[in-house]
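# Structural features, examined
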Amino acid sequence: EGDLFFSGDLVRERLKVNVGGLNAVIELGISNVRASGLDSLSALSLLHPVMGESSVLNNTALFGVEPEPLRLSLTLSIMGKGDEVEVDNEVELSLTLKDDELMLKLLAQMMEPPFLNFPLEDVFNHYCWIDTIVKPELDEYGVRVGEPDSGLVLQNMTMAVA
């Protein structure tokens, strides 16, 4: 109950590195990802409007509350072979969170015509809602130009850890 487990490799990436005399092939992997205590999520508040800020939504979640804490774990593997180095390491990483609160302040600007003409049959389709969000203008390098806070922007993220 409240557990999620991905057995085997979730991500495995092979990279060629040639920096400052280091000439090697490195392989990074994340495997055996487990989340337990997912049923400890409570007081979930999503997309709550903020008074005086028409495009800002507050989102809050409490997790790690009774009966058990939220536990996240994974295996990180780092393997590398080069001219003068050979590495093969595996590390188990885990995080336990008890009585924690996560708060996100999200700016979500929507284009008026698609929103006003939104078909009711698509009200539960999140892809249709995402399509109404203002798309930022980008330069030839993919960097945002114009207003920095337009479209979908994470304005603030706060985590209270006990």
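In this report, the structure presented in the accompanying data block is examined. (Residues numbered from 1 in each chain as written. Predicted model: local features only at pLDDT ≥ 70, side-chain atom pairs only at ≥ 80, totals over all residues. Heavy atoms only, no water.)

## Describing the overall build of the protein chain
- Scanning the protein chain for helices and strands turns up two helices and eight strands.
- Each helix (α) and strand (β) of the protein chain, taken in turn from the N terminus, gives the series β-β-β-β-β-β-β-α-α-β.
- Taken against the 2.2 N^0.38 rule, which gives 15 Å for 162 residues, the C-alpha radius of gyration of the protein chain at 22 Å runs more than 25% over that of a compact globule.
- Taken over the C-alpha atoms alone, the protein chain extends approximately 60 × 50 × 30 Å along its principal axes.
- Buried positions account for 19% of the 162 residues belonging to the protein chain.
- Total accessible area on the protein chain is roughly 11,800 Å²; 58% of this is exposed by carbon and sulfur atoms.
- Both charge centroids of the protein chain, one from 10 positive and one from 27 negative side chains, sit 6 Å from each other. (Helix = DSSP H or I, 4+ residues; strand = E, 2+ residues; numbered from the N terminus. Rg over C-alpha atoms; globule rule 2.2 N^0.38 Å. Buried < 20%, exposed > 50% of the residue type's maximum accessible area, 1.4 Å probe, protein only. Areas by Shrake-Rupley, 256 points an atom, 1.4 Å probe, with all protein chains shown as cover. Lys, Arg positive; Asp, Glu negative; His and termini not counted. Charge placed at Lys NZ, Arg CZ, Asp CG, Glu CD.)

## A closer look at the pairing of strand E3 (residues 42–50)
- Looking at chain direction, E3 and strand E4 (residues 53–63) are connected through five bridges and run antiparallel. Across the sheet, Pro49 pairs through a bridge with Leu57, a residue of E4.
- Connecting the antiparallel pair E3 and E4 is a turn made up of two residues, with Gly52 showing a positive phi of about 85°. (Pairing = 2+ DSSP bridges.)

## Comments concerning the packing of aromatic side chains
- On inspection of all chains with the given rule, the structure shows two aromatic pairs.
- Centre to centre, the rings of Phe115 and Trp129 are 6.2 Å apart; their planes meet at 50°, and the pair counts as tilted. Here the residue Phe115 occupies a position in helix H1 (residues 112–116), and Trp129 occupies one in helix H2 (residues 126–131), the gap between them amounting to 14 residues.
- Judged by its relative accessible area of 27%, Trp129 falls in the partly exposed class.
- Ring centres of Phe118 and Trp129 lie 4.2 Å apart, and the angle between their planes is 25°; this geometry places the pair in the stacked category. Here the residue Phe118 occupies a position in the loop between H1 and H2, and Trp129 occupies one in helix H2, the gap between them amounting to 11 residues.
- Under the relative-accessibility criterion, Phe118 is labelled buried at 15%.
- Taken together through their ring pairs, the aromatic side chains of Phe115, Phe118 and Trp129 make up a single cluster.
- Against the face of Phe5 rests Arg34, its NZ or CZ located 4.2 Å from the ring centre. (Phe/Tyr/Trp six-rings, centres within 6.5 Å; stacked < 30°, edge-to-face > 60°. Lys NZ or Arg CZ within 6 Å of the ring centre and 35° of its normal.)

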